[in-house]
Amino acid sequence: MDKILVHGGYPLSGKIKVSGSKNSALPILAATLLTREPCVVHRVPDLSDTNYMLQILMYLGAQVERASGTVTVTAEKVNSVAPYDVVRRMRASVCVLGPLLARCNEATVSLPGGCVIGDRPIDLHLKGFEALGAAVRVEGGNVKMFTPRLKGAIINLRGKFGPTVLGTDNVMMAAVLAEGTTVIEGAAAEPEVCDLADFLNKMGARIEGAGTSRLIIEGVKELHGAEHDIIPDRIETGTFLVAGAICGNGVTVTRAEPKHIESVTTALGNAGYNIQTTKDSITVSRNGASKPLELGTEPYPGFPTDMQAQMCALLSTTDGMSVVTENIFPQRYMHLAELKRMGAHVQIEGPRAVIHGVEKLLGAPVMASDLRASAALVLAGLKAEGVTEISRVYHIDRGYEHLDEKLGELGAHIERVKTK
Ligand code: EPZ
């Protein structure tokens, strides 16, 4: 198992390229199950999560070819059962449910297990499939679904914490082959949902309203193969911008989509950092003393929950009192206990984190608990005095392509070491 050692105090500068989006690639790869014909997907990031998804597709009978960032999937024949051992390693495997139900009129997929970031039920996904006419049973840890024929319906997918991203993806992927028209109200409007809708429309689907809370999907008899470029990863973009803010003097993130991360660049601007954008790049630089912030996570286009941990790392050394409210996963604060080990001054009050900026952090051995928490620990380590030793870095490899090498290109002193 690897560890990452971050030697703090080295300023970052220069340009760094963004990879394709993990949270777009996963549902798009699952959507290739909807046709017998080959689908060619470009800019698929090399991550353990995308590799898991390809293994699941192969387990379900698809042929998969990969040449660096381009993946070709041909799902000529598909079996509709994805057992625990195949899907247990990644929650996002749940998004094969919709394509299997649409393609095979039945599906048996293991229910996703627990998650450290909080309670993550899939009741809204199942509500959507039932509304489309599927009989849904949860037994023996599996979701079992059957339908003689999916039929279009009006479905509201808004839950207690707002819309659901993968729920919208899943129901949309089922509805594209249903008889008649489906209307999804309370749909998620994330750029990754739009990218999936774009890919499905290239396959011959008829989806309107992507990017709004109301999707109209006119079912078609069958879909054909398609070719698609995955959008840039906005959370990776945001993570590098926070790295540039935390200890940089001029970091430019290229091959990015500035409008997808506006809520983060606005927050960094409010905290006193300089932000300059072009069509496909964003530069962050210091502009005198930084300021504390009050921010709350929201569904898109609000401030993303997947950037909350990284911002906590930044605010932990920003003079003054900041307040962060986590509205999507209220318990998503595993990183704070580790930041405290580095000397941060933080209090958790329900879904709120009250952060009193300290002058400096000190390097320490810390433990990664989930993907974004581990990124936050790397960022804190860049700023801290001494060496921060991060264990369980497999969490980082789930969602960041070569993070340590990329930060090294910006001047970070960061190394990966093998441990027994
Ligand atoms: C997606 O997860 C992302 N994952 C998450 O990113 C991200 O944090 C999340 O959306 C929110 O933006 C992928 O795209 C692979 P949700 P998803 O359903 O779709 C509740 C990362 O770091 N809910 O939008 O699983 C749920 O508990 C990951 O890359 C229900 O109550 O999240 C949460 O409070 C972590 N019932 C809220 O809705 C449901 O059926 C939003 O969750 C579904 C969700």
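Residues numbered from 1 in each chain as written. Predicted model: local features only at pLDDT ≥ 70, side-chain atom pairs only at ≥ 80, totals over all residues. Heavy atoms only, no water.

Re the overall build of the protein
Secondary structure assignment for the protein yields 14 helices and 24 strands. Relative to a compact globule of 420 residues, whose C-alpha radius of gyration would be 22 Å, the protein shows 21 Å and is just as compact. Taken along its principal axes, the extent of the C-alpha atoms in the protein is 65 × 45 × 40 Å. Considering only residue pairs separated by 6 or more positions, the protein has 73% of its internal contacts joining residues 24 or more positions apart. Of the roughly 16,600 Å² that the protein leaves accessible, carbon and sulfur atoms contribute 50%. Counting 43 positive and 46 negative side-chain charges, the protein places the averaged centre of each group 2 Å from the other. (Helix = DSSP H or I, 4+ residues; strand = E, 2+ residues; numbered from the N terminus. Rg over C-alpha atoms; globule rule 2.2 N^0.38 Å. Contact = heavy atoms within 4.5 Å. Areas by Shrake-Rupley, 256 points an atom, 1.4 Å probe, with all protein chains shown as cover. Lys, Arg positive; Asp, Glu negative; His and termini not counted. Charge placed at Lys NZ, Arg CZ, Asp CG, Glu CD.)

Here we look at the side chain of Glu190
If you trace the backbone, Glu190 turns up in the loop between β11 (181–185) and α7 (191–202). Buried within the structure, Glu190 lacks any salt-bridge partner; its nearest side chain of opposite charge belongs to Arg234, at an N-O separation of 4.7 Å. Excluding anything up to four places from it in sequence, Glu190 contacts Val165, Arg234, Pro299 and Tyr300. (Buried < 20%, exposed > 50% of the residue type's maximum accessible area, 1.4 Å probe, protein only. Salt bridge = Lys/Arg side-chain N within 4 Å of Asp/Glu carboxyl O.)

Comments concerning the environment of Lys340
Within the secondary structure, Lys340 sits in helix α11 (residues 334–341). The partly exposed category is assigned to Lys340, whose relative accessible area is 42%. Separated by 185 residues in sequence, Lys340 and Ile155 have C-alpha atoms that sit 44 Å apart. A distance of 3.4 Å separates a polar atom in the side chain of Lys340 from the backbone oxygen of Val346. (Polar contact = N/O pair within 3.5 Å; in protein donor to acceptor, adjacent residues only side chain to side chain.)

Overview of the nonpolar core
In terms of nonpolar packing, the biggest core is built from 72 residues, with Leu34, Val96, Phe129, Met172, Val176 and Leu200 touching the most fellow members. Looking at which element gives the most residues to this core, the answer is helix α1 (residues 22–31), with 6 residues. Within the second largest apolar cluster, 66 residues are counted, among which are Ala245, Val253, Val358 and Val378. (Core = buried A, V, L, I, M, F, W, Y, C linked by side-chain atoms within 4.5 Å.)

As for the pairing of strand β13 (residues 214–218)
Burial of β13 is one-sided: the residues Leu215 and Ile217 facing one way are buried, the residues Arg214, Ile216 and Glu218 facing the other way are not. Note: β11 against β13, 5 bridges, orientation antiparallel. By the bridge assignment for β13, Val183 is matched with Ile216. In this structure, strand β12 (residues 206–208) lies alongside β13, joined through 3 bridges in antiparallel fashion. In the sheet register, Ile207 faces β13, and the bridge partner there is Ile217. Counting the residues between successive antiparallel strands, the hairpin from β12 to β13 contains 5 residues, one of them, Gly209, with a positive phi of roughly 95°. (Pairing = 2+ DSSP bridges.)

A short note on the site of the ligand
Residues in close proximity to the ligand total 23 residues, the closest being Asp123, Leu124, Thr164, Asp306 and Ile328. Between the ligand and Leu124 there is a distance of 2.8 Å, counted from an oxygen atom to a backbone nitrogen or oxygen. Interatomic distance of 2.6 Å between a side-chain N/O atom of Thr164 and an oxygen atom of the ligand. Considering the ligand on its own, with 830 Å² of exposed area, one finds that the protein chains cover 90% of that surface. Elements with a contribution of two residues or more to the shell around the ligand: α1, α5 (123–131), α6 (165–175) and α12 (371–383). Broken down by class, the residue content of the shell around the ligand amounts to 12 nonpolar, 4 polar and 7 charged. (Near = heavy atom within 4 Å. Nonpolar A, V, L, I, M, F, W, Y, C, P; charged D, E, K, R; others polar.)

Things to note about unusual backbone geometry
A cis amide bond links Tyr300 with the next residue in sequence, Pro301, at an omega value of 10°. Here Pro301 is to be found in the loop between β18 (294–296) and α10 (308–315). Positioned with a positive phi, Ser68 is a non-glycine residue whose angle comes to about 45°. Looking at where Ser68 falls in the secondary structure, it is placed in the loop between β4 (63–67) and β5 (70–74).

A short note on the sheet that holds strand β14 (residues 227–229)
Backbone-to-backbone hydrogen bonds pair the strands of a sheet. The strands run either parallel or antiparallel. The 4 strands lie next to each other as β4-β5-β3-β14, forming an open sheet whose pairing is mixed. What marks the edges here is a single partner per strand, and that holds for β4 and β14. Direction aside, the axes of adjacent strands within the sheet are offset by 15° on average. Examined bridge by bridge, strand β3 (residues 38–42) and β5 share 4 bridges and lie antiparallel to one another. For Val41, the partnering residue across the bridge sits in β5 and is Val71. Sheet contacts for helix α2 (residues 48–59): β4 and β5; angle to β4, the most-contacted strand, approximately 150°. Contacts between α7 and the sheet are confined to β3 and β14, with β14 contributing the most and set at about 160° to the helix. (Axes fitted to C-alpha atoms, helices over the stretch in contact; angles between N-to-C directions.)

Notes on the side chain of Thr265
If you trace the backbone, Thr265 turns up in helix α9 (residues 262–270). With near-sequence residues (within four places) excluded, Thr265 lies in contact with Leu241, Ile275 and Ile282.

Remarks on the pairing of strand β8 (residues 135–139)
In the sheet, β8 pairs with strand β9 (residues 142–146) via 5 bridges, with the strands oriented antiparallel. Considered in β9, the bridge of Arg137 is made with Lys144. Linking β8 to β9, which pair antiparallel, is a turn of 2 residues; within it Gly140 sits at a positive phi near 60°.

Considering the packing of α6 against α7
One way to put it is that α6 packs onto α7 with a least axis distance of 10 Å and a crossing angle of 15°. What the angle tells us is that α6 and α7 run roughly parallel. Like other packed secondary-structure pairs, α6 and α7 cross with a definite hand, here right-handed. In contact with Val165, Thr168, Asp169, Met172 and Met173 of α6, α7 contributes Val193, Leu196, Ala197 and Leu200. By residue class, the composition of the contact of α6 with α7 is 7 nonpolar, 1 polar and 1 charged. (Parallel < 35°, antiparallel > 145°, perpendicular 65-115°, else oblique. Left-handed = near helix turned anticlockwise from the far one by under 90°.)

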